[in-house]
Amino acid sequence: MRPWSALFLSMAVAAGSAVAAPSAPTALVIHGGAGVITRDQLSEADEAALRADLDAALDAGDAVLKRGGTALDAVTAAVQVLEDSPWFNAGKGAVFTADGTHELDAAIMEGHTRRAGAVAGVRTVRHPVLLARAVMEHSPHVFLAADGAEAFADTRPELERVENRWFDTDRRRQQLEAAKEREQRQAAGEVIPLPPGAYFGTVGAVALDANGLIAVATSTGGMTNKRWGRIGDAPVIGAGTYANDQCGISATGWGEFYLRTVAAHDICARVALRGDPIEAAAEDVINRVIPALGGDGGAIGLDARGTIVMPFNTSGMYRGWVKPDGTRGTAVFREP
């Protein structure tokens with residue numbers, strides 16, 4: 001046999017083996033915020049509609065994974081769908097600031113490289129997750145904010161731009177009006193507790209691809225009636241968004257407490273450095289460490305084996321999942 005014939009034969013055998021080899025399992029988990037609703041506030045029709053949007057996000061992300069795409073592409077695809085849904089506090093469904101506008105935050109991270117990108121105070125980018133990814137891939141920086149993030153977006157013609165009022169929804173405006181009324185009553189001396197979900201509302205996705213790589217993305221409109229350029233945990237790498245080669249976490253909850261505990265990194269550090277099972281690590285941080293300080297919320301995540309976690313300590317958390325065995329589902333409240 002001629003040398004080149006042997007070479008082609010070996011290449012053909014290798015190619016055939018590659019095709020025949022079973023692909024590694026993939027996994028995807030998403031959330032649309034924790035603590036934002038109670039059973040008596042959610043009609044059957046509204047629950048069906050928001051579950052449909054969760055399913056659409058799962059479809060988008062899982063399709064990427066099923067065709068051999070990267071975890072990074074999968075979380076990007078899933079979060080874009082959630083950003084276009086008016087049901088969740090991100091993108092189209094973003095809450096109003098005290099000034100009656102919208103300031104959007106997002107972050108994305110690739111576990112095996114620790115590459116990350118984040119933006120805060122964005123006003124005209126339809127999909128903040130895409131801007132965060134552009135920061136990661138096309139700038140020397142990790143985190144851009146406000147006017148600087150907008151100026152960087154001007155350099156990326158592939159990003160879709162919209163006027164700020166494009167993010168308006170009637171439901172969010174009603175929440176702003178209620179918040180302002182409560183503020184006025186408090187100023188007059190009334191003691192009025194914050195309504196359920198005042199600090200909540202985020203979307204996120206974590207994925208494991210067929211190459212065993214993990215990525216995470218998170219996007220949010222922040223909190224209703226926020227002032228002074230307030231930024232929560234979602235765009236802060238390590239607080240609301242974090243991934244390494246063994247773990248990925250996207251958080252949702254009272255952001256000030258996730259910032260103070262560096263919650264997402266804490267969970268993944270326990271997995272990578274101490275060898276804790278991700279279930280135990282996430283449970284302890286979300287349901288012990290954060291509540292002990294006075295905060296609450298939830299998180300989603302997975303490890304390198306595709307083990308999915310979705311702990312929360314609130315009345316509910318919008319969430320969906322596709323496990324390595326292919327089973328999938330969505331949920332809002334605590335399942336029996």
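Going by the structure above, here's the rest.
Along each chain, the written sequence defines residue order, and numbers are assigned to residues from 1. Thresholds applied to this predicted model are a pLDDT of at least 70 for local features of residues and 80 or more for the giving and counting of side-chain atom pairs; totals over whole chains, interfaces and linings are not thresholded and use all residues. Each side-chain value is derived from all of the structure's non-hydrogen atoms; neither hydrogens nor water enter the calculation.

Caption draft 1: Geometry of the sheet that holds strand E9 (residues 297-303). Strands were regarded as paired on the criterion that DSSP finds at least two bridges between them. Runs of E in the DSSP output that reach at least two residues are strands. Runs of H or I that reach at least four are helices, and both are numbered from the N terminus. The strand order across the open sheet built from 4 strands is E7-E8-E9-E10, with neighbouring strands paired in antiparallel fashion. Lying at the two open borders of the sheet, with one neighbouring strand each, are strand E7 (241-243) and strand E10 (308-309). Sheet topology places E9 next to E10; 2 bridges connect them, and they run antiparallel. Each residue of the ladder has a partner; that of Gly301, found in E10, is Val309. Contact criterion: two residues are considered in contact whenever any of their non-hydrogen atoms come within 4.5 Å of each other. Orientation is described by axes fitted as lines to C-alpha atoms, over the contacting stretch for helices, and by angles from 0 to 180 degrees between their N-to-C directions. Across the sheet, helix H8 (residues 263-274) touches E7 and strand E8 (247-253), and the angle it forms with E8 is around 150 degrees. Contacting E8, E9 and E10, helix H9 (residues 278-293) crosses the sheet at an angle of about 165 degrees to E9.

Caption draft 2: Structural view of the side chain of Asp276. Looking at where Asp276 falls in the secondary structure, it is placed in the loop between H8 and H9. At a separation of 2.8 Å, a polar atom in the side chain of Asp276 contacts the side chain of Arg274. Setting aside its immediate chain neighbours within four residues, Asp276 contacts Arg270, Val271 and Ala281. Polar contact is the term for a pair of N or O atoms within 3.5 Å; when the atoms are in protein, one must be able to donate a hydrogen and the other to accept it, and sequence-neighboring residues count only if both atoms are side-chain atoms.

Caption draft 3: The nonpolar core, seen in detail. We call a set of buried residues a nonpolar core when its members are Ala, Val, Leu, Ile, Met, Phe, Trp, Tyr or Cys and they connect through side-chain atoms within 4.5 Å of each other. Per-residue accessibility, obtained with a 1.4 Å probe over protein chains only, is compared with the maximum for each type, and a residue is labelled buried under 20%, exposed over 50%, and partly exposed between these values. Ranked by internal contacts, the top residues of the largest apolar core, which has 48 residues, are Ile30, Ile108, Val119 and Leu131. Here this core gets 8 residues from one element, more than from any other, and that element is helix H3 (residues 71-83). Excluding residues within four positions of it along the chain, Leu131 makes contact with Val119, Val122, Val125, Ala149, Phe152, Ala153 and Leu159. Membership of the second largest hydrophobic core comes to 36 residues, among which are Val206, Ala263, Ala264 and Ala331.

Caption draft 4: Molecular detail of the state of the cysteines. The criterion for a disulfide is a pair of cysteine sulfur atoms lying within 2.5 Å. In this structure the tally under the stated criterion is 1 disulfide. A sulfur-sulfur separation of 2.3 Å characterises the disulfide bridge that pairs Cys247 with Cys268. Taking the sign of the torsion about the S-S bond as the criterion, the disulfide between Cys247 and Cys268, at about -70 degrees, is left-handed. In this pair, Cys247 is assigned in strand E8 and Cys268 in helix H8, connecting sequence segments 21 residues apart. Accessibility assignment for this pair places Cys247 and Cys268 in one class, buried.

Caption draft 5: Molecular detail of the pattern of salt bridges. Between Lys or Arg on one side and Asp or Glu on the other, a salt bridge is scored when a side-chain nitrogen of the former is within 4 Å of a carboxyl oxygen of the latter. Applying the stated criterion across every chain, the model contains 21 salt bridges. Across the pair Asp84 and Arg126 runs a salt bridge, and its minimum N-O distance is 3.1 Å. Here Arg126 lies in the loop between strand E3 (116-122) and helix H4 (128-138) and Asp84 lies in the loop between H3 and strand E2 (104-110), a separation of 42 residues in the sequence. Taking relative accessible area as the criterion, Asp84 reaches 30% and is therefore assigned partly exposed. Residues Asp284 and Arg270 are paired through a salt bridge, measuring 2.7 Å at the closest nitrogen-oxygen approach. Of the two residues, Asp284 sits in helix H9 while Arg270 sits in helix H8, which places them 14 residues apart along the sequence. Owing to a relative accessible area of 14%, Arg270 belongs among the buried residues under this scheme. Through salt bridges with shared partners, one network takes in Asp266, Arg270, Asp284 and Arg288.

Caption draft 6: A look at helix H6 (residues 170-187). In this scheme, a helix's expected span is set at 1.5 Å multiplied by one less than its residue total. With 18 residues, H6 should reach 26 Å at 1.5 Å per residue; the first-to-last C-alpha distance of 26 Å fits that figure. Inspection of H6 places Arg172, Leu176, Ala179 and Arg182 among the buried residues, and these make up the whole buried set. The buried side chains of H6 occupy one side of the element, clustering within an arc of 125 degrees when seen end-on. Opposite its buried face, H6 presents the exposed residues Asp170, Gln174, Glu177 and Gln184, each directed more than 90 degrees away. Each C-beta atom gives one direction from the helix axis, and the arc is the one those directions make.

Caption draft 7: Just the sheet that holds strand E11 (residues 316-322), in detail. Spatial strand order, E4-E3-E2-E6-E5-E1-E11-E12: 8 strands in an open sheet with mixed pairing. Every interior strand has two partners, whereas the edge strands, strand E4 (143-145) and strand E12 (328-333), have only one. Averaged over all pairs of adjacent strands, the angle between their axes in this sheet comes to 5 degrees, without regard to strand direction. Inspection of the sheet shows E3 paired to E4 by 3 bridges, in the parallel sense. In the sheet register, Ala118 faces E4, and the bridge partner there is Phe143. The sheet contacts of H4 involve E2, E3, E4 and strand E6 (214-220), and relative to E3 the element is tilted by about 130 degrees.

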